Amino acid sequence: MTSNSAAMTGSLAGPSIWSRMMSGQAGPVCVVLIALFVVWYVGAVFMNAPIQIDKYERAGQTWTTGQLIEDTLAQERPILPAPHQVFEEMYKTIFAIKITSKRSLVYHSWVTLSSTLLGFGIGALLGIVLAVGIVHVMTLEKSLMPWVISSQTIPILAIAPMIIVVLGAIGIKGLVPKAVISTYLCFFPVTISMVKGLRSPQTIQLDLMRTYNASKWQTFWQLRLPSAMPYLFASLKVAIAISLVGAIVGELPTGAQAGLGARLLAGSYYGQTIQIWSALLTAAFVAAMMVVIVGWCERRVLARMGVKP
């Protein structure tokens, strides 16, 4: 009787704090972040410890475990910088410096973002046009689709210098070559997803449009394109992220003076691992924000089309 009363009291009290935290999205994300930070700190200690121990031995200095941990997390050029070192560098180069300074990550992020957005826009438009052609023209499907797929088998690190050199030889430099590399990476997922989306309407729906004597373009605008919207936005989220990767890769073989790729190059030249990691995390944050913006646009467009979440 007592156990039944306790169980009833627990059920009336509702779910525990932990279960309420884990029921949403914020709780699991925070748990994963905490676990990543713990692993990161442990990895920084173990990877930087041999160098620090060697310093102690050269100086003939005795040390304790606590001192070793403290010193490994405060090295100027660690093999793996600790999270607080990276965040301090990000704070200095984002908030403590003018955004027009060549040391500002905001300045370098904008340089990379400009070529990213240009390449993303061209790639998304190219992917949509190719998908429409492949769906409506059988010849294009048989002749063009294999080339679209095989184009992605070429490593981007191999083709990026070729693009830079060829475009530079004809006088095209600066923003455009990096945008071309971004276009090369991001048009593929848009093309494949749009082909799938434009072919997603069921046969009975297409037959109904024929019953209404709808033309091909009416069928496209009123049936195929609305059906393809979820596929399109799913591919755009992938495309916007990899277009940023393409812009950064495009900055590497040119020895660029500005951009996140330039920060990565400078950090690798001078052994500034903290600078490298701060640029990497900044790039990840920029990509995440662009994916969030695409997701917001998706919700607005689908809501206007009457699609319920």
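We now turn to the structure provided with this report. Bear in mind the structure is a predicted one, so any value in this text is a computation, not a measurement.

Side note on the overall build of the protein chain
- Per the secondary structure count, the protein chain includes 13 helices and 0 strands.
- Tracing the protein chain from N to C terminus, the helices and strands come up as α-α-α-α-α-α-α-α-α-α-α-α-α.
- Of all intrachain contacts in the protein chain linking residues separated by at least 6 positions in sequence, the fraction that spans at least 24 positions is 72%.
- Surface accessibility of the protein chain: about 18500 Å² in total, with carbon and sulfur atoms responsible for 70%.

Here's the deal with a nonpolar patch on the surface
- There is a patch of nonpolar side chains on the surface, built from L118, I122, I170, I172, L175, V176 and V180 and spanning about 520 Å² of accessible area.
- Those elements giving two or more residues to the nonpolar patch turn out to be α6 (105–136) and α9 (175–198).
- Among the elements that make up the nonpolar patch, the one with the highest residue count is α9 (3 residues).
- In this structure, I170 sits in the loop between α8 (156–169) and α9.

A word on the side chain of T191
- Checked against the element boundaries, T191 lands in helix α9.
- Residue classification places T191 among the buried positions, given a relative accessible area of 0%.
- Setting aside residues up to four positions removed in sequence, T191 forms contacts with G127, L130, A131, I134 and V148.

Side note on the packing of α6 against helix α11 (residues 216–251)
- In the contact formed by α6 and α11, the axes pass within 8 Å of each other and the chain directions differ by 145 degrees. Once α6 is placed against α11, the crossing between them reads as right-handed. Taking contact as the criterion, the partners of V111, T112, S115, T116, L117, F120, A124, I128, V132, V135 and H136 in α6 are, on α11, F220, R224, L232, L236, A239, I240, S243, L244, A247, I248 and E251.
- Of the residues that constitute the contact of α6 with α11, the class distribution is 15 nonpolar, 5 polar and 2 charged.

Quick look at the environment of L68
- If you trace the backbone, L68 turns up in helix α4 (residues 65–72).
- A relative accessible area of 10% places L68 in the buried class.
- It is 9.3 Å that separates the C-alpha atoms of L68 and Y56, two residues lying 12 residues apart in sequence.
- Those residues in contact with L68 that lie beyond four places of it in its chain are A49, Q52, I53, Y56 and W63.

Comments concerning unusual backbone geometry
- One non-glycine residue, N213, adopts positive backbone phi at about 60 degrees.
- As for its position among the elements, N213 is in the loop between α10 (203–211) and α11.

Structural notes on the nonpolar core
- Among the nonpolar cores identified, the biggest contains 35 residues, and M194, L198, L236 and L244 are the most heavily contacted of them.
- For this core, the secondary-structure elements that each account for two or more residues are α6, α9, α11, α12 (260–269) and α13 (273–304).
- Broken down by element, the residue count for this core peaks at 11 residues, all from α11.
- When neighbours within four sequence positions are excluded, L198 is seen to be in contact with A131, V132, V135, F220, R224, L225 and A228.
- Membership of the second largest hydrophobic core comes to 10 residues, among which are I159, A160, I163 and Y184.

Rules used throughout
- Every chain is numbered independently, its residues counted from 1 as its sequence is written.
- In view of the model being predicted, local features appear only for residues whose pLDDT reaches at least 70, and side-chain atom pairs are presented and counted only at 80 or more, with totals across whole chains, interfaces and linings using the full set of residues.
- Side-chain descriptors were evaluated using all non-hydrogen atoms of the structure, hydrogens and water having been removed beforehand.
- In this description a helix means any DSSP run of H or I spanning at least four residues, a strand means any run of E spanning at least two, and both kinds are numbered starting from the N terminus.
- Contacts were defined at the residue level, with two residues in contact if any of their heavy atoms lie within 4.5 Å.
- Computed by Shrake-Rupley with a 1.4 Å probe, the accessible areas treat only the displayed protein chains as cover when residues are assessed.
- Surface patches are defined over residues having more than 30% relative accessible area and no salt bridge, joining like charges when they lie within 9 Å and nonpolar side chains (Val, Leu, Ile, Met, Phe, Trp, Tyr) when within 5 Å.
- What makes a salt bridge here is a side-chain nitrogen of Lys or Arg within 4 Å of a carboxyl oxygen of Asp or Glu, nothing more.
- Partly exposed describes any residue whose relative accessible area lies between the buried limit of under 20% and the exposed limit of over 50%, with all areas from a 1.4 Å probe on protein chains only and scaled to the type maximum.
- The axes used here are C-alpha line fits, helices contributing only the stretch in contact, and every angle between their N-to-C directions lies in the interval 0 to 180 degrees.
- Whether a crossing is left-handed or right-handed is set by the direction in which the near helix is turned from the far one by less than a right angle, anticlockwise for left-handed and clockwise for right-handed.
- Ten residues, namely Ala, Val, Leu, Ile, Met, Phe, Trp, Tyr, Cys and Pro, are considered nonpolar, four, namely Asp, Glu, Lys and Arg, are considered charged, and the remaining ones, Gly among them, are considered polar.
- Take the buried Ala, Val, Leu, Ile, Met, Phe, Trp, Tyr and Cys residues and link them wherever side-chain atoms come within 4.5 Å; each set so joined is a nonpolar core.

Honestly, it's all geometry; don't read function into it.
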